Structures are given as C-alpha cells and as structure tokens.
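Structural overview
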Amino acid sequence: MHSIAREQLQKYLHSYKRTLREEGLPIRHDGKKIHEETKRAMRLRAEEILMRTVNTRVAFAVRCLVSYDGSLDYESPLTTFTISFNTGDFLHIYTRYSIDWWIGRKVEEGETLSFIPTAQRLTRLTPLHEYPEKNDSFIEESNPFIVVPSTRPIVLLGPCGQESLLTRRLHTALRLTLTRKFNGRIRMLKTTLGERKQTQSFGVLVAGQQVAGQIGQVIRSTRNRGMTRQDTEATIDTFNEFSDEKEMQMITSMTNDLSLLILQSPFLQTPIDISKHPLAPITILVKISNRKILAKLLRKTGCPNSDLAGADALNVMPSSAFDMVVEDGSLDGATNKISEYLEKYWLAVHPPHPLIGPIDTPKKESNISLRPSTPAHKKLSQVFRFK
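Residues numbered from 1 in each chain as written. Predicted model: local features only at pLDDT ≥ 70, side-chain atom pairs only at ≥ 80, totals over all residues. Heavy atoms only, no water.

With that settled, consider unusual backbone geometry. Here Gly-158 and Pro-159 are connected by a cis peptide whose omega angle stands at 5°. The backbone of Leu-258 sits at a positive phi, close to 65°, despite the residue not being glycine. Position of Leu-258 relative to the elements: it lies in the loop between α6 (229-254) and β10 (260-264). For Leu-258, a relative accessible area of 12% corresponds to the buried category. Phi at Ala-280 is positive, roughly 50°, even though this residue is not glycine. (Helix = DSSP H or I, 4+ residues; strand = E, 2+ residues; numbered from the N terminus. Buried < 20%, exposed > 50% of the residue type's maximum accessible area, 1.4 Å probe, protein only.)

Written out as structure tokens, the structure reads:
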C-alpha cells in the first residue's frame, strides 16, 4: 500500500477511538507470514487431493522418453511426494492436479502415488538434445511421453515364424495354460495389427479386405486427375494406418480395467515389427537354439525345413531385444517361467499395499522441550507415529 494512502487510512481508524489514550489499529504488511500461510494452504490442498486420488482409477498410461529427478524439483506441490523416472519407465496417470502436474505412480512393485510433471512442464525442463531421434512415426518432436495401453500387451514369439505350424501349436498350448492360471485376469485378442495390404496391380487390391471398396472408390475418383502409382500406394498406406489405429483403440480399451492381454497376430514376426506401433508390449521369445532338436520337432509336426530360417532370424537377435527369453526343455517349465514373470508384472500393476505412504506434516515450533529419556516423550512418539 502507498505510504500516503496508509497514513490517511490510519487517521481514519484513529477517529474511531473510544478515548484519546487508545491506540489506533496499526496497518502492517507481514509478507513473510502471508507467504508461509499461502504455502501451508497449498500444501494442505495438495495433501487432500493426493489422499482423494487413492479412490480413483487409472486414466491413462505413458512411457517415458527422457529422465527426470524429482528430488531436484522444488516447485512440486509436495517435494517429498515427487516422482523420479528414467527413460523407458512406464507411468500410470490417475488425475490432473494442475497445468504442470499430474498425480500417478511408476508401474513398479512398491511404488506409491506421487506428483508427476506434465508433458508441457517436462518439455520446458528438458534440453532438446536429450530427446530421442524421431525414427518412429508415432514419436512426436519434443515429446517426453508416449501414450501406451494401461497394461502392456503380451506378444509370444518363436521358436519359428508366426506362420509355422509348430509355432501356432506351441503358442496355443501356452495361451490355454496361462488362461487357466490367470483365471479372470487375462484375455486374448486376435488382431491383424501389422498387416500391410499389398496390391496385385494398379488400383486392384487383394480380395477380402474390409477397406478394399473404399480405396477402390478413391482410386476411381482420382483417375481423371492423372493419379500415379505412387499416389495409389500412398492412399493404401493411409488406409493401412487407419486400420492399425482402429486396432490400437481396441487394444487400449481392453486394457482400461488393468487386465492382462495376449495379442495373437500373424503379422508381428519380430520385435522390429512390434516397435512400429506405440504398444510397448511384453515380448516373450520361446527359443530353441539347438537346430537338431528344432528340425526333429518340425518333422514331427509336418512342417517344412524352410521354417528354420524364421527360427534363425529370431535366434541371432540379442536377448535385450526381448523382455523375456524362455529356453526350456519342457512345456511345463516354460509355462511356469512365463507365469512367474507375469505374476510379478500383475503385482506391479495392482499393488497390494496402500497407494500412498505416510504424509509427514511440518511440525510447529514450540518452546516446550521434552527430554528423550522421559516416559512422556515415549508415549507421545507412540501416539503420533504414522502407520
């Protein structure tokens, strides 16, 4: 307040004194006290919303493309409840706190609810050179997150290509066993994700495709404008992307309740094919590295020796390209290993512990000092202990 206005208001308040000896109402601006009260009110609001978020559902999930250290961000609503993550981590977002903060948790066992910087805030904090190169079509420039399904879909690969009879029989047995073990917690979905429609000739598509009639109409309507073969292929790619987008929406909707999902697609042959889509699935390779044993199994199932090429293509890939590599002599052993892995992931998605830890409220300063050795102090510490 301006000094002249303050003096005038002070004189106005002095005129309402009961006696001449009574002091007028002082006008003082305690900026430090107001700042502390504002911080306390904001903290209480953040604690209230954080506690209320426990009863909400997961809104969406993201995969991190950059790293972030929450312990260094002092602008967080609650500095003790600020998340830290690395590149490649998965986060569950529960609710939006403000334009700069979400509330969610890292999809790992033992993690609790914390404040997460939004994409808009993290973009301002992250230097441009830390962003990954835009090699994939679904990665946007300067985007620290990629939206993925709420639970990572499961894709089984190997021992040969997906079209091999041996692979189909082995995957069928694995899916049936996993369905029995995860009764009510796992689903299966047959999808055409990754299918690339091919043309037999200029403007002619393979029969049986759902979008063939639509593309044919586009081609016929553009012939008079001198449409080239490259334009036709670009149109087909556009419809392919539209078909994949519909499949992605279906997968995302089936994981909204945080149930496990096994994808069955004959067009997802290798992790390279899977990486073209923002699925972030759990890729499990059932590996048979011994060629003699693999050739014997192929002969028993009536498969051609050409299926060995698909097995070689998968076996030469590094183990880091897969989330899990299973090489076991028996089907039961392989199933048990996969079940243990998925059970740990289930606990990370569905934590059995409370979603929020104890909130340590700031202690008020007091002139009363208690000696640690007194029984009264021990009783007070037991009463105010957070469990």
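In this section: the environment of Phe-90. Mapped onto the fold, Phe-90 is located in strand β2 (residues 90-96). Judged by relative accessible area, Phe-90 falls into the buried class, the value being 16%. Distance in space between the C-alpha atoms of Phe-90 and Leu-65 is 9.8 Å, their sequence separation being 25 residues.

Turning to the environment of Asp-332, a few remarks are in order. You can see Asp-332 is positioned in helix α10 (residues 331-349). Between the C-alpha atom of Asp-332 and that of Ala-173, which follows or precedes it by 159 residues, the distance is 10.0 Å.

With that out of the way, let us pick up the pattern of salt bridges. On inspection of all chains with the given rule, the structure shows 10 salt bridges. For Arg-52, the salt bridge identified is with Glu-48, shortest N-O distance 3.3 Å. One end of the pair is Arg-52 and the other is Glu-48, both in helix α2 (residues 31-52) and four residues apart, which spans about a single turn. Of the charged contacts in the structure, one is a salt bridge between Arg-121 and Glu-75, with a shortest N-O distance of 3.2 Å. Residue Arg-121 is located in helix α3 (residues 119-125), and its partner Glu-75 is located in the loop between β1 (60-64) and β2; the two are separated by 46 residues in the primary sequence. Take Arg-121: its relative accessible area is 4%, and that puts it in the buried class. (Salt bridge = Lys/Arg side-chain N within 4 Å of Asp/Glu carboxyl O.)

The next thing to look at is the packing of helix α4 (residues 165-181) against α10. In contact at an axis separation of 10 Å, α4 and α10 are set at 50° when each is read in the N-to-C sense. Relative to α10, the element α4 is oriented oblique. Here α4 runs over α10; the crossing is right-handed. On α10, the residues that touch Leu-170, Ala-173, Leu-174, Thr-177, Leu-178 and Lys-181 of α4 are Leu-331, Thr-335, Asn-336, Ile-338, Ser-339 and Leu-342. Of the residues belonging to the contact of α4 with α10, the class tally is seven nonpolar, four polar and one charged. (Axes fitted to C-alpha atoms, helices over the stretch in contact; angles between N-to-C directions. Parallel < 35°, antiparallel > 145°, perpendicular 65-115°, else oblique. Left-handed = near helix turned anticlockwise from the far one by under 90°. Contact = heavy atoms within 4.5 Å. Nonpolar A, V, L, I, M, F, W, Y, C, P; charged D, E, K, R; others polar.)

Between its terminal C-alpha atoms α2 stretches 32 Å, which fits the 32 Å expected from 22 residues at 1.5 Å a residue. By the burial criterion, the buried members of α2 are Arg-43, Ala-46, Glu-47, Ile-49 and Leu-50. Around the axis of α2, the buried residues are gathered within 165° of arc, so they sit on the same side. Of the surrounding secondary structure, the elements contacted by the buried residues of α2 are β3 (101-106) and β4 (114-117). (Expected span 1.5 Å × (residues − 1). Arc of directions from axis to C-beta.)

Ranked by internal contacts, the top residues of the largest apolar core, which has 55 residues, are Phe-85, Leu-91 and Phe-115. Sorting elements by how many residues they give to this core places α10 first, with seven residues. In contact with Phe-115, not counting residues within four places along its chain, are Ala-46, Leu-50, Ser-76, Pro-77, Leu-78, Phe-81, Thr-82, Ile-83, Tyr-97, Trp-101, Trp-102 and Ile-103. (Core = buried A, V, L, I, M, F, W, Y, C linked by side-chain atoms within 4.5 Å.)

What follows deals with the sheet that holds β3. Think of a sheet as strands paired side by side through backbone hydrogen bonds, with each pair either parallel or antiparallel. Here we have five strands laid out as an open sheet, ordered β4-β3-β2-β1-β5, and antiparallel in their pairing. The open sheet is flanked by β4 and β5 (145-148), the only strands paired with a single partner. On average, adjacent strands in this sheet sit at an angle of 45° to one another, irrespective of strand direction. Both β1 and β2 contribute to a ladder of four bridges, which runs antiparallel. Note that in β2 the partner of Phe-60 across the bridge is Ile-93. (Pairing = 2+ DSSP bridges.)

Right, let's get into the packing of helix α8 (residues 291-300) against helix α9 (residues 307-315). Two numbers describe how α8 lies on α9: the axes approach to 11 Å, and their chain directions differ by 140°. With respect to their mutual orientation, α8 and α9 come out oblique. Helix-helix and strand crossings are classified by hand; for α8 and α9 the assignment is right-handed. Note on element contacts: α9 touches α8 through Asp-307, Leu-308, Ala-311 and Asp-312, opposite Arg-291, Leu-294, Ala-295 and Leu-298. Across the contact of α8 with α9, the residue classes break down as five nonpolar, no polar and three charged.

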